[in-house]
Amino acid sequence: MPLTADVAAQQVQERLRALHRLVYDIEAERSHNEQCIDNILRAEKAAESPSNAEDSSGSSQQQAQLKNLYKAGLTAAEQEERLLRAALTRIYEIRAIKNERRMQARHAGNKETIGCGALMKMLLSAAQTLPLHVGRVGERAPPLCGAVPADAGHIAHPGDAVAALVRVSEKEENWILAEVVSWLPAQGKYEVDDIDEEQKNRHTLSKRRVVPLPLMRADPRTDEHALFPKGAVVMALYPQTTCFYRAVVNRLPSNAADPYEVLFEDSSYADGYSPPERVAQRYVIAIKEGKGRAT
Amino acid sequence: MSEEINDITMTSTEADSSQTHGHEGNSNPATEDTASNSAATPAGSEGQASRQSNLQRIQQRKEQVFNWPHSKKLLKLAIYSACQTPDCTCNGWKTPVTQQTPKSNTRQETQPPASFNDPCRNCNHILEKHATHLQGLPVTEVNRLLGAVVDVENIFMSMHREDDHDTKRVYYYLFKLLRKCILTRTQPRIEGPLGQPPFERPSIAKAITNFVLYKFHTLPQREWQTMYDLAKMFLHCFNHWNFEAPSVRKLQVSNPEDISAYQINFTRWLVFCHVPAFCDSLPHYETSLVFGRTLLRAVFKSVCRQLMDKCHSERDRMPPEKRVLVLTHFPRFLALLEEEIFSANSPIWDPDFKQMPPNHHLQAILENKTTRRGEFERVTPSGESKDGFTTVSLSSGSIKQEGVRDGKRGRSAEPPAGAKRRRVADEAADDVSERTVADIVATISDPNYMCGPDALFQMQAPRDEAAKLEEQRKMIEFHVIGNSLTGAVNKQTMLWLIGLHNVFSHQLPEMTKEYISQLVFDPKHKTLALIKEGRPIGGICFRTFHSQGFSEIVFCAVTSNEQVKGYGTHLMNHLKDYHIRNNILHFLTFADEFAIGYFKKQGFSKDIKLPRAMYQGYIKDYEGATLMHCELNPRIVYTQFTSVIRKQKEIVKKLIDMRQKEVRKIHPGLTCFKDGVRSIPVECIPGLRDTGWRAAPRAAAADPDPDADLAALRNVLHQVKNHAAAWPFLKPVDKAEVPDYYDHIKYPMDLRTMGERLKSRYYVAKRLFIADMTRIFTNCRLYNSPDTDYYRCANTLEKYFQTKMKEAGLWDK
């Protein structure tokens, strides 16, 4: 079904309305939660007060009451979490619709040529709005969250952003930012499009020449294990370009919205590395060693 | 000195005494009421009148002399001519001693006229000897010399009457000069320490014109005309003014520097303006054209005072409308003018002041800003740096915009788009009203305006939009900096230059570091630096050749991790505005293959419009690079260009919307084509006129001779048809041979069809012809793959076609 601008706008409007309602619901739930916590605190205080400590029957009654309050609080908190996640889902849906719309327009061939500057802006905002992984307690970050690699059998979906190793000249190969067009199971190859439309090259590449980019951001406060450690050698998108180059992680993101700070290998500088550059999580990936290595 | 003068007086009076009798007294020059006592008698009515009559008398006297018999003319000239006898050094015939009697009126009357046989008192050779060389001269030349003789005598009389010692000396100088010219029969040329006019630029006349444009451009046509007339009146008075002698002035002004400056200017005025006004053998210059601010400042106050006094004294004699003009508008005009004359940085004295018609508001805005805020488009030394010489800060376009919005008149606060439309309004009465435009501008400036469905997705912003925003938020700054070998360069500038050097050497690896240092630190080169967080992240290094009127762009780079953010475009726009302010309107650069794209986007072209002689030998030549040229339009503020255009586009779109709403009506479709009519004139389509459509009036003018063009097109078509690569395109594609062709190609075209169309005069404009031809090639490339012969033929033939069109002068892309 073609996703016209009008249809897309309508879908976005629906999501926005849902989001609007959710914001109110969340607020209601939040104040409800606050009330629960207040009740619990008050009950705890009452239970701890020495005057009632001797009265055992009163104490067990208090404990039962406290237990009920805890249960209610838990449910309320879960409810709030559900609402928050629902709101996030709506936001990601809007993001997906926008992306879908962009791809449709692109494939329809009626290229509203995106200028170079606009493309860069789009890439930046795509990285900033990449969904954040909010794990449940004890849950480990899933594949393609932050630095966690994809599963061995993972097949990227059409529209997914990938780093692709393409031959740019007789001698040179480059890791470029591309978008999956289709997966050809018979050949075990991907069809990918250069993200830079001006290049307008479609490449058919074997699986090992295609590295999917993270689908989620990892929060350094909860999932530090899902980030590259300092000193790791990675491939990172050079700022304001659509190419990945080898770099060393210099500083980790301090929060979920923060980018990495990396040093690019660059022989034109005396020490062989560029000054620190900031690169978003989405554009920092594990290096592929072996035959298809970037030069 | 006195002896010689006395000699002359006597001889001249004697030689033509009979003719000059009773005439000499009033054939005196205009000076009698003027130079010597001008302080007492301003250019009042009497002064003017007597001046006029004096000039008339002088002319009459010359006419009279010119009508003398030839021999008499020679007699007269002999008095001023050297004796032609070999080895005789006498340079003027003098009345013989015997006839010399005490000077008196009675004697003059009785004195007989001189004859060619009278011997010279000086050398004893006869008068004829003093005139032999004049015999063969043409009448015009003789008359010219005689005119000079009249002038010499008039100057002599003036000198005699002059009381001021310095002025007297000036007359004596001119007297001697003219005498020498008659003797040598040459044109008088005034040389020496006074210099040659013009003495100062801009001239007073130019400044006054600037003043009118600058102060009154916002006024409606009629009021503007009034101001213009007042300016003309002022200049007229000024040109005929008699300035007071420095000795008189000394009494009022105490500053000795002012006095000596005035003395020089006064002497210049005497020699070049005042005396030549009545002695037309001397080259004459208008005061207002050769003098500038210094003189106007020195005399303005007294001139104004006397002028107003005169106006008041004459008020009763003026016609009523003139009275209003002079008594109500003139004082205000003079007051405003005075402000500009004595202001330290008035734009009217700017030699680069751009003269535009008064209702050209785009420029008007520019001028407003130049002066009201003192920052717009004007090079201001940056506040912090001490050496304004090497560092120049540039302010952003958007701040300037605010400057205008504060302007007191609503008109100048409107965007140029509206202004442009209004200019059209003068010509065609049916233009949109200012109100409508203002409403539209209010709508499109509303931040909520762009909230359509598209706003959710990709917004197509101009390339430099983001950079402009950052500049507005003071996140980035632009400075023109350069090294100096003579003045001190502050540390900041030096650090920035080093930073720029690093940017250039990283971004332009094919240039050696040494070469970059050599140019970036060269005092003749300047660099427009883009500063972000205190560090240069990009810049354009350039060298201006003022004498050649262009700047060469040497390096241009933005550091790699800041690219594609619009900085390059914004840098170039700042550079353009900077150059327009400095009156340099051409850029040249050698672009390497990676830079050509960038320069094209910035309005550069490989087509060099500047004559080769202007730049050859001036700019550095690079092997393998392409010379590109960009001409600036001084009426454009480049840093605001995109936003102005966008606004104009929005306004036009809105106007179309409004018009469409007004005339919304559905007409039944045309049926005439079904009835076999091949074509109808466009204006016959019902409803079309109601939408405001007009037949393009220029169509005929642009295409003066359709037959000539037609012949040229026929010629090109013929050549294309005969080309070796034309065979696939000679006739329409046969569906039997290529069954699916017409499934893919919706608008087929071929050379035979074009021939038929040409015959039926379908190609009324050459673009139709070009469009059809291009269609052939695009169709071919669409249907066939690049490795086919067809595809290659299309490419070959297209090139050939374009070459032929260019040869025929029909290609203007």
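Residues numbered from 1 in each chain as written. Chains lettered and ligands numbered in written order. Predicted model: local features only at pLDDT ≥ 70, side-chain atom pairs only at ≥ 80, totals over all residues. Heavy atoms only, no water.

Enquirer: Any details on the overall build of chain B? Residues and values, ideally.
Expert: Helix and strand content of chain B: 32 helices and eight strands. Among the 813 residues that make up chain B, the fraction classed as buried is 46%. By sequence separation, contacts in chain B at least 24 residues apart represent 70% of the contacts at least 6 residues apart. Of the accessible surface of chain B, which amounts to about 42,300 Å², a share of 53% is contributed by carbon and sulfur atoms. (Helix = DSSP H or I, 4+ residues; strand = E, 2+ residues; numbered from the N terminus. Buried < 20%, exposed > 50% of the residue type's maximum accessible area, 1.4 Å probe, protein only. Contact = heavy atoms within 4.5 Å. Areas by Shrake-Rupley, 256 points an atom, 1.4 Å probe, with all protein chains shown as cover.)

Enquirer: Go over the overall build of chain A, please, and point to the residues and values.
Expert: Helix and strand counts for chain A stand at four helices and ten strands. Taken from N to C terminus, the helices and strands of chain A fall in the order α-α-α-α-β-β-β-β-β-β-β-β-β-β. Across the 295 residues in chain A, those meeting the buried criterion constitute 41%. Within chain A, residue pairs in contact and separated by at least 24 positions form 58% of the contacts whose partners lie at least 6 positions apart. A total accessible area of about 16,700 Å² is found for chain A, and carbon and sulfur atoms account for 54% of it.

Enquirer: Please give an account of the environment of arginine 42 of chain A that cites residues and values.
Expert: Residues and elements named next belong to chain A. On the secondary structure map, arginine 42 appears in helix 1 (residues 5-48). Using a relative accessible area of 56% as the deciding quantity, one classes arginine 42 as exposed. On a C-alpha basis, the gap between arginine 42 and leucine 66 in space is 9.7 Å, while along the polypeptide they are 24 residues apart.

Enquirer: Tell me what's going on with the pairing of strand 3 (residues 476-481) of chain B, and back it up with residues and numbers.
Expert: Along any regular strand the residues' side chains alternate between the sheet's two faces. Residue and element names in this part refer to chain B. Within strand 3, five of the six residues are buried, which leaves it mostly tucked inside the rest of the structure. Here strand 3 runs beside strand 4 (residues 525-532); their pairing, made up of six bridges, is antiparallel. By the bridge assignment, valine 480 is partnered in strand 4 with leucine 528. (Pairing = 2+ DSSP bridges.)

Enquirer: Residues and numbers for the state of the cysteines, please.
Expert: In the structure shown here, the tally under the stated rule is zero disulfides over all chains. With no disulfide of its own, cysteine 237 of chain B has cysteine 311 of chain B as its nearest cysteine by sulfur position, at a separation of 7.2 Å. (Disulfide = S-S within 2.5 Å.)

Enquirer: Summarise the packing of helix 31 (residues 766-783) of chain B against helix 32 (residues 789-807) of chain B; cite the residues concerned and give the values.
Expert: Residues and elements named next belong to chain B. Remark: helix 31 packs on helix 32, axes separated minimally by 8 Å, with the N-to-C direction vectors making an angle of 160°. With respect to each other, helix 31 and helix 32 are oriented roughly antiparallel. Here the hand of the crossing between helix 31 and helix 32 comes out left-handed. Mapping the contact onto sequence places Phe769, Ile770, Met773, Thr774, Phe777, Cys780 and Arg781 in helix 31 and Tyr790, Tyr791, Ala794, Asn795, Leu797, Glu798, Phe801 and Met805 in helix 32. When the residues that make up the contact of helix 31 with helix 32 are grouped by side-chain class, the tally is eleven nonpolar, two polar and two charged. (Axes fitted to C-alpha atoms, helices over the stretch in contact; angles between N-to-C directions. Parallel < 35°, antiparallel > 145°, perpendicular 65-115°, else oblique. Left-handed = near helix turned anticlockwise from the far one by under 90°. Nonpolar A, V, L, I, M, F, W, Y, C, P; charged D, E, K, R; others polar.)

Enquirer: Provide a residue-level description of a nonpolar patch on the surface, including the pertinent values.
Expert: Side chains of Leu670, Phe673, Val677, Val682 and Ile685 of chain B sit close together on the surface and give an oily, nonpolar patch of about 360 Å² of accessible area. Mapped onto the secondary structure, phenylalanine 673 of chain B falls in the loop between helix 26 (641-662) and helix 27 (698-702). (Patch = residues over 30% accessible without salt bridge, like charges linked within 9 Å, V, L, I, M, F, W, Y side chains within 5 Å. Salt bridge = Lys/Arg side-chain N within 4 Å of Asp/Glu carboxyl O.)

Enquirer: An account of the packing of helix 21 (residues 491-507) of chain B against helix 22 (residues 513-520) of chain B is requested, with residue identities and associated values reported.
Expert: All names here are of chain B. In contact at an axis separation of 10 Å, helix 21 and helix 22 are set at 140° when each is read in the N-to-C sense. By the criterion of interaxial angle, the relationship of helix 21 to helix 22 is oblique. In terms of crossing hand, the pair formed by helix 21 and helix 22 is right-handed. Between helix 21 and helix 22, the contacting residues are Leu497, His501, Phe504 and Ser505 on the first element and Lys513, Ile516, Ser517 and Val520 on the second. Considering only residue class, the contact of helix 21 with helix 22 consists of four nonpolar, three polar and one charged.

Enquirer: Describe the environment of valine 234 of chain A, and please don't skip the residues or the numbers.
Expert: All names here are of chain A. Inspection of the secondary structure assignment puts valine 234 in strand 6 (residues 233-237). On the basis of relative accessible area, valine 234 is assigned to the buried category, the value being 0%. For the pair valine 234 and valine 249, spaced 15 residues apart in sequence, the C-alpha separation works out to 7.2 Å. Every residue in contact with valine 234, bar those within four places of it in the chain, is listed here: Phe228, Tyr245, Arg246, Ala247, Val249, Val284, Ile285 and Ile287.

Enquirer: Account for helix 7 (residues 165-184) of chain B, naming residues and giving values.
Expert: Residues and elements named next belong to chain B. Between its first and last C-alpha atoms helix 7 spans 29 Å; for 20 residues at 1.5 Å apiece the expected length is 28 Å, and the two agree. Within the span of helix 7, buried status applies to Thr167, Val170, Tyr171, Tyr172, Leu174, Phe175, Leu177, Leu178, Arg179, Cys181 and Ile182. Where helix 7 begins, one side-chain oxygen reaches toward the backbone nitrogen of aspartate 166, 3.3 Å away; that side chain belongs to aspartate 164. A positive phi of about 55° marks arginine 185, the residue just after helix 7. (Expected span 1.5 Å × (residues − 1). Polar contact = N/O pair within 3.5 Å; in protein donor to acceptor, adjacent residues only side chain to side chain.)

Enquirer: Please give an account of helix 4 (residues 116-128) of chain A that cites residues and values.
Expert: Taking 1.5 Å per residue as the helical rise, helix 4 of chain A with its 13 residues ought to reach 18 Å, and the 19 Å between its terminal C-alpha atoms agrees with that figure. For helix 4 of chain A, the full list of buried residues reads Ala118, Leu119, Met120, Met122, Leu123, Ala126 and Ala127 of chain A.

Enquirer: So what about the pattern of salt bridges? Which residues, and what values?
Expert: Scanning the entire structure with this criterion turns up 29 salt bridges over all chains. Measuring nitrogen to oxygen at the nearest pair gives 3.0 Å for the salt bridge that ties glutamate 27 of chain A to arginine 30 of chain A. With glutamate 27 of chain A and arginine 30 of chain A both in helix 1 and three residues apart, this pair spans about one turn of that helix. Residue class for glutamate 27 of chain A comes out partly exposed when judged on its relative accessible area of 41%. With a closest N to O distance of 3.2 Å, glutamate 141 of chain B and arginine 144 of chain B form a salt bridge. Here the residue glutamate 141 of chain B and the residue arginine 144 of chain B both occupy positions in helix 6 (residues 139-161), the gap between them amounting to three residues, near one helical turn.

Enquirer: Talk me through the packing of aromatic side chains; I want residue IDs and the actual numbers.
Expert: Under the definition given, this model contains 38 aromatic pairs over all chains. Ring centres 6.3 Å apart and planes at 85° place the aromatic pair tyrosine 238 of chain A and tyrosine 245 of chain A in the edge-to-face group. For tyrosine 238 of chain A, a relative accessible area of 12% translates into the label buried. Take tyrosine 245 of chain A: its relative accessible area is 34%, and that puts it in the partly exposed class. Taken together, a centroid distance of 6.1 Å and an interplanar angle of 15° make the contact between phenylalanine 587 of chain B and phenylalanine 604 of chain B stacked. Residue phenylalanine 587 of chain B is found in strand 7 (residues 586-591), and its partner phenylalanine 604 of chain B is found in the loop between helix 24 (596-601) and helix 25 (612-615); the two are separated by 17 residues along the sequence. For the pair formed by phenylalanine 587 of chain B and phenylalanine 604 of chain B, the shared burial category is buried. Of the aromatic side chains, those joined through ring pairs into one cluster are Phe234, Phe238, Phe243, Tyr262, Phe266, Trp269, Phe300 and Phe342 of chain B. Positioned over the ring face of tryptophan 68 of chain B is lysine 72 of chain B, at 4.5 Å from the centre of the ring. Sitting above the plane of the phenylalanine 342 of chain B ring, lysine 301 of chain B keeps its charged end 4.6 Å from the centroid. (Phe/Tyr/Trp six-rings, centres within 6.5 Å; stacked < 30°, edge-to-face > 60°. Lys NZ or Arg CZ within 6 Å of the ring centre and 35° of its normal.)

Enquirer: Lay out the confidence of the model for chain B with the relevant residues and their values.
Expert: Residues and elements named next belong to chain B. On average, residues of chain B score 76 in pLDDT, and 77% of them reach the 70 mark or higher. Note that residues 99-111 has pLDDT below 50 and, in this model, 16 contacts with residues that lie over four places away or in other chains. Low confidence marks residues 396-429, where pLDDT is under 50. Its contacts with residues over four positions away, or in another chain, come to 59 contacts. The ipTM for the predicted assembly is 0.72, set against a pTM of 0.49. (pLDDT = per-residue confidence, 0-100.)

Enquirer: Please provide a residue-by-residue account of the nonpolar core, values included.
Expert: Ranked by internal contacts, the top residues of the largest apolar core, which has 97 residues, are Phe234, Phe243 and Phe333 of chain B. Looking at this core, the element that brings in the most residues is helix 6 of chain B, giving ten residues. Among the nonpolar cores identified, the runner-up in size contains 39 residues, and Met120, Ala161, Ala226 and Leu252 of chain A belong to it. (Core = buried A, V, L, I, M, F, W, Y, C linked by side-chain atoms within 4.5 Å.)

Enquirer: So what's going on with the side chain of arginine 282 of chain A? Residues and values would help.
Expert: All names here are of chain A. Inspection of the secondary structure puts arginine 282 in the loop between strand 9 (277-279) and strand 10 (284-286). Here arginine 282 sits buried without a salt bridge, and the closest side chain of opposite charge, glutamate 179, lies 6.7 Å off (N-O distance). A polar side-chain atom of arginine 282 sits 2.9 Å from a polar atom in the side chain of tyrosine 283. (Lys, Arg positive; Asp, Glu negative; His and termini not counted.)

Enquirer: How would you summarise the side chain of histidine 203 of chain A if you had to cite specific residues and measurements?
Expert: With respect to the helices and strands, histidine 203 of chain A occurs in strand 4 (residues 202-206). Those residues within four positions of histidine 203 of chain A in sequence are excluded, and the remaining contacts are Val166, Ile176, Tyr190, Glu191 and Val192 of chain A.

Enquirer: If you had to explain unusual backbone geometry to someone new, which residues and values would you point to?
Expert: The amide bond that connects proline 197 of chain B to the next residue, proline 198 of chain B, takes the cis arrangement and shows omega of -5°. Residues arginine 201 of chain B and proline 202 of chain B are joined by a peptide bond in cis, for which omega reads -5°. Relative to the assigned elements, proline 202 of chain B resides in the loop between helix 7 and helix 8 (204-216). A positive phi angle, close to 65°, is found at glutamine 240 of chain A, a residue other than glycine. Here glutamine 240 of chain A lies in the loop between strand 6 and strand 7 (243-251). The phi dihedral of valine 564 of chain B is positive, around 45°, even though this residue is not glycine. Among the residues examined, valine 564 of chain B registers a relative accessible area of 28% and is labelled partly exposed.

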